[in-house]
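Below, each chain spelled out in residue letters.
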Amino acid sequence: MQIKKEMKMADAIHRNYLLLPVINRLGIQLGFQDKTIEKVCLKQNVDVEFFLTILNAYLDTNDKSSKQLQAHSVKDVVSYLLKTHSYYLERIIPEIENRINLLIQHSQLNKNEFLLVKNFFEEYKKELYGHISLEENFVYPYMIEIADAYHSKSLSKTLEDKINSYPITSYEKEHSDIEAKLFDLKNILIKYLPTPNDSYIRNRILMELFTLEQDLNDHSRIENRVLIPKITQMETALIALKK
Ligand SMILES: [Fe+2]
Ligand SMILES: [Fe+2]
């Protein structure tokens, strides 16, 4: 069942608590009493249709939800994705890092075991930062440029060259699987480290990793299934202007 604007905002959270950071990124903070989604969005000046589409796309991963999201502007979608990047870099990654440091402080691991986890995590972090910086510095600005040109129906020579030399589909090919390393990190914690007296800290790290993975899946799905097809269509239409 889809989330609708008449539903109470609190009920959406009760339905799936993983929506909490999603709602925050869209500009809504807690404390919404019994107000409906529509009322809360109106009060906070948030576009209710976009809000609902993002929430429903998170809950329902079928093609229909990607299509609904495609109806929204590239700028709105990119601005939401930028907020999720900041959430990973400023909140989630430092939090997981702090918990990993607890593994040695609480003597759950000896130094070598700790370094194995720590180095693996550092590598993952580097990959994630690289991925995000490529998107923020090149891919997203290119998408915005394409969308602007498409709406004004004008294609400059520079943009035409960019489309011909590095169309969005080349990014799709390079859109590396940042979830793969996360899976390996989870397995080190689940399978390969020695059995601790108490698994609590490791469980907490694992829960954070699973939650991050789910959020990243949603994020990549929006990039792959919403933005890339939309930009590809715009590129084709723009090139057709020259013919
Ligand atoms: Fe991204
Ligand atoms: Fe990405």
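Residues numbered from 1 in each chain as written. Chains lettered and ligands numbered in written order. Predicted model: local features only at pLDDT ≥ 70, side-chain atom pairs only at ≥ 80, totals over all residues. Heavy atoms only, no water.

**Some points on the coordination of the iron ion (ligand 1)**
Then, in step 1: Summarising the metal site, the iron ion (ligand 1) is bound by the protein donors His85 (NE2), Glu135 (OE), His219 (NE2) and Glu223 (OE), whose distances to it range over 2.0 to 2.2 Å.
Then, in step 2: Its four donor atoms give the iron ion (ligand 1) angles of 87 to 167° at the centre, a pattern that matches the irregular case.
Then, in step 3: Look at where the donors of the iron ion (ligand 1) fall in the sequence and you get H-x49-E-x83-H-x3-E.
Then, in step 4: Here the iron ion (ligand 1) and the iron ion (ligand 2) are spaced 3.3 Å apart, linked through Glu135, which binds each one. (Donors = N, O, S within 2.8 Å, 3.2 Å for Na, K, Ca; no water. Tetrahedral: all angles 85-135°; square planar, octahedral: opposite > 155°, others 65-115°.)

**A look at the nonpolar core**
Then, in step 1: Ranked by internal contacts, the top residues of the largest apolar core, which has 51 residues, are Ile28, Ile37, Phe51 and Met143.
Then, in step 2: Of the domains in this structure, domain 1 (9–68) and domain 2 (73–241) are the two that each give at least three residues to this core.
Then, in step 3: What Met143 contacts, discounting residues up to four positions off in sequence, is Val74, Val78, Ile168, Tyr171, Leu227 and Ile231.
Then, in step 4: Ile92, Phe114, Ile132 and Leu189 belong to the second largest nonpolar core, which has 26 residues in total. (Core = buried A, V, L, I, M, F, W, Y, C linked by side-chain atoms within 4.5 Å. Buried < 20%, exposed > 50% of the residue type's maximum accessible area, 1.4 Å probe, protein only. Domains from an automatic or database assignment. Contact = heavy atoms within 4.5 Å.)

**Observations regarding the domain arrangement of the protein chain**
Then, in step 1: Examined at the domain level, the protein chain breaks down into domain 1 (9–68) and domain 2 (73–241).
Then, in step 2: Centre-to-centre separation of domain 1 and domain 2, based on C-alpha positions: 22 Å.
Then, in step 3: For the domain 1 and domain 2 pair, buried surface summed over both sides reaches about 1300 Å², with 56% attributable to carbon and sulfur atoms.
Then, in step 4: Counting across the domain 1 and domain 2 interface gives one salt bridge.
Then, in step 5: Linking Arg25 and Asp215 is a salt bridge whose minimum nitrogen-to-oxygen distance equals 2.8 Å.
Then, in step 6: Across the contact surface, domain 1 and domain 2 share four residue pairs in polar contact (both at pLDDT 80 or more).
Then, in step 7: Counting only elements with at least two residues in the side of domain 1 that touches domain 2, the list comes to helix 2 (19–25), helix 4 (48–59) and helix 5 (63–70).
Then, in step 8: Examining the composition of the side of domain 1 that touches domain 2, we find that four residues originate from one element, helix 4, more than from any other.
Then, in step 9: Residues belonging to the side of domain 1 that touches domain 2 are distributed by class as follows: eight nonpolar, three polar and two charged. (Buried area = accessible area lost by both parts, 1.4 Å probe. Salt bridge = Lys/Arg side-chain N within 4 Å of Asp/Glu carboxyl O. Polar contact = N/O pair within 3.5 Å; in protein donor to acceptor, adjacent residues only side chain to side chain. Helix = DSSP H or I, 4+ residues; strand = E, 2+ residues; numbered from the N terminus. Nonpolar A, V, L, I, M, F, W, Y, C, P; charged D, E, K, R; others polar.)

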